[in-house]
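The primary structure of each chain is shown beneath.
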Amino acid sequence: MANILKAPRGTMDVLPDKIDKWTYIEYTARETANLFGFKEIRFPTFESIDLFRRGVGETTDVVQKEMFTFTHGNSNFALRPEGTASTVRLVLSNGLYNDPMPLKLFYITSCFRGERPQAGRLREFHQFGVELFGTAEPSADAEIILLAKTMFNNLGIKGLRLEINSIGCPNCRKDYQNALREYFTSKQDGLCDTCKSRLGRNPMRILDCKSPECQKIAEAAPKVTDYICDDCRTHFEAVQNQLKNLNVDFIVNTSIVRGLDYYTRTVFEFIDEKRGLTLCGGGRYDGLVSQLGGPELPALGFAMGLERLIMTMDEQGCSYETEQNKTVYFATIGDAASKKAAELALKLRAEGISAEYDLVGRSMKAQMKYANRKGFAFTVAIGDNELNSNTAELKNMQTGETIPVTLDDKIIEAIDNAIVKETMKELEETIEKDKIFNS
Ligand code: HAM
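Residues numbered from 1 in each chain as written. Predicted model: local features only at pLDDT ≥ 70, side-chain atom pairs only at ≥ 80, totals over all residues. Heavy atoms only, no water.

A separate point is helix α5 (residues 138-155). Spanning 18 residues, α5 covers 26 Å between terminal C-alpha atoms, matching the ideal 26 Å at 1.5 Å per step. Two residues or fewer after α5 comes Gly156, characterised by a positive phi angle close to 80 degrees. (Helix = DSSP H or I, 4+ residues; strand = E, 2+ residues; numbered from the N terminus. Expected span 1.5 Å × (residues − 1).)

Dropping the structure here:
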């Protein structure tokens, strides 16, 4: 019998001690996207299977091998393997193509791909993705790349290599596909079965097959950059010039073709140099909107994997700047004290101050130990004496310092003042540290 207590292979639980990393990255993603004028969207976890077949491409690994599909009634669905097809569907079904252009959207969402799990490759993973609609200008390509770079800077991630390429448009693609077909036909015997089936329909997909044999053969395949038309070449040169103007370092890697069928012209990846792991991938998809039944609407975007961001940030010792938000813990003895604590906690929470009290029935000593372990900034112990005098001691858990407080509305002001004092102290210490560091 399958072990029901084990999370499914390639999925992850996120425990309370790690959640701050996630919320910090999600917060930074929202802030960064907002800085560039992008608005958040949400779409369903599953969509019609045909959306991904037509959107992502029938001959891609994602569609051929990796989608989680299911049937309900007479309909066939797939869990979303990525966010771009869903975003285009959302734009079309809600008529957002009538909005003033450019349309700037972003999402933070889970994705599902039945890949073989390994470090940085999961079956359920999370993406921060941005999609920009309504412009074919090279400046938009540079802007999207700059947004990804700004996100990495804001997270403090270093040592990434930006690789860019142009894979041309459907016009120049034809000649390239023919050249590839000719090359791979001559090497057919060494290809995996899936790639043999791709030869006729879409030989470009052989270039991103994960089988080592196919990868070896692909190394000497014709390069797309030798086949792109003048318009695509001019566009690519303009993107590169714009990136230089913006001081964004990059290298042109003519082997990048990306694993999804919708891309046209610019494609790019940010790669963690140390691990060789792609943290972010994206590019233009000027034909996708019309291909899915909408108007001609050029578009582009990227997505970055949150799990891969966390892996890299952990490895590089980046700070998550988590906020310590456990403020007051009431340690109590007896029912009356517990009732008083509940009443005071309610008042404090109404003022935006986090407050907790014992829900387990532990001894006073055990409660204080708990408060210490959980990192509460302050504690207030309440027993019969405190109830009778209506006063107690507010203890600063870091310094051990205590101040008297009354067990009524006035406690709010007292705790507020104590928080302000503590914050000022921390600020002074930081300024002092900076002075030493800079001298
Ligand atoms: P993608 O390259 O398939 O592109 O995925 C983007 C990012 O998602 C990858 O660079 C990686 O960080 C993360 N990722 C992908 N697969 C996995 C996995 N199995 N486990 C963990 N992380 C993974 C797209 O999905 C496109 N929709 C990006 C895009 C948006 N292009 C234009 N707009």
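Looking now at the packing of helix α2 (residues 49-56) against helix α4 (residues 84-93). Contact geometry for α2 and α4: axes closest at 9 Å, N-to-C directions at 110 degrees. Classified by the angle between their axes, α2 and α4 sit roughly perpendicular to one another. Contacts between α2 and α4 involve Leu51, Phe52 and Val56 on the former and, on the latter, Ala85, Ser86 and Arg89. For the contact of α2 with α4, a count of residues per class yields 4 nonpolar, 1 polar and 1 charged. (Axes fitted to C-alpha atoms, helices over the stretch in contact; angles between N-to-C directions. Parallel < 35°, antiparallel > 145°, perpendicular 65-115°, else oblique. Contact = heavy atoms within 4.5 Å. Nonpolar A, V, L, I, M, F, W, Y, C, P; charged D, E, K, R; others polar.)

Turning our attention to the site of the ligand. Taken together, 26 residues form the shell around the ligand, and within it Glu82, Glu115, Glu131, Arg258 and Tyr263 come nearest. Note that a nitrogen atom of the ligand is positioned 2.8 Å from one of the backbone N or O atoms of Leu122. In this structure, a nitrogen atom belonging to the ligand sits 3.5 Å away from a side-chain N or O atom of Arg308. Protein burial of the ligand: of its 650 Å² of free accessible surface, 95% is covered by the chains. The set of elements that each furnish at least two residues to the shell around the ligand consists of β6 (124-133), β10 (277-284) and β11 (299-305). Take the shell around the ligand: its biggest share by element is 6 residues, from β10. Here the shell around the ligand is built from residues that sort into 10 nonpolar, 9 polar and 7 charged. (Near = heavy atom within 4 Å. Polar contact = N/O pair within 3.5 Å; in protein donor to acceptor, adjacent residues only side chain to side chain. Areas by Shrake-Rupley, 256 points an atom, 1.4 Å probe, with all protein chains shown as cover.)

With that out of the way, let us pick up the packing of helix α1 (residues 16-35) against α5. It is the contact of α1 with α5, at a shortest axis distance of 10 Å, that shows an interaxial angle of 140 degrees. Considering the angle they form, α1 stands oblique to α5. In this structure, α1 crosses over α5, and the sense of that crossing is right-handed. Of the residues in α5, those in contact with Tyr24, Ile25, Thr28, Ala29, Thr32 and Ala33 of α1 are Leu147, Thr150, Met151, Asn154 and Leu155. (Left-handed = near helix turned anticlockwise from the far one by under 90°.)

Ordered in space as β1-β5-β6-β11-β10-β9-β7-β8, the 8 strands form an open sheet in which the pairing is mixed. On the outer flanks of this sheet lie β1 (39-40) and β8 (251-252), each paired with one strand and no other. With 2 bridges connecting them, strand β7 (residues 160-166) and β8 associate as parallel partners. Residue pairing across strands places Glu163 opposite Ile251, the latter belonging to β8. Running at roughly 15 degrees to β11, α5 makes contact with β6, β7, β9 (264-272), β10 and β11 of the sheet. Along the sheet face, helix α9 (residues 230-245) touches β7, β8, β9 and β10 and points at about 155 degrees away from the line of β7. (Pairing = 2+ DSSP bridges.)

Counting buried residues in β10 gives 7 out of 8 residues, a clear majority hidden from the surface. Two strands pair when backbone bridges link them, and β9 and β10 are joined in this way by 7 bridges, in the antiparallel orientation. Directly across from Thr264, in β10, lies its bridge partner Arg284. Between β9 and β10, which follow one another and run antiparallel, lie 4 residues, and Gly276 among them has a positive phi close to 70 degrees. Sheet analysis places β10 next to β11, joined by 5 bridges and oriented antiparallel. (Buried < 20%, exposed > 50% of the residue type's maximum accessible area, 1.4 Å probe, protein only.)

So, on to a nonpolar patch on the surface. A cluster of nonpolar residues, Val420, Met424, Leu427 and Ile431, forms a patch on the protein surface that exposes about 370 Å² of accessible area. In this fold, Leu427 is placed in helix α15 (residues 410-438). Judged by relative accessible area, Leu427 falls into the partly exposed class, the value being 48%. (Patch = residues over 30% accessible without salt bridge, like charges linked within 9 Å, V, L, I, M, F, W, Y side chains within 5 Å. Salt bridge = Lys/Arg side-chain N within 4 Å of Asp/Glu carboxyl O.)

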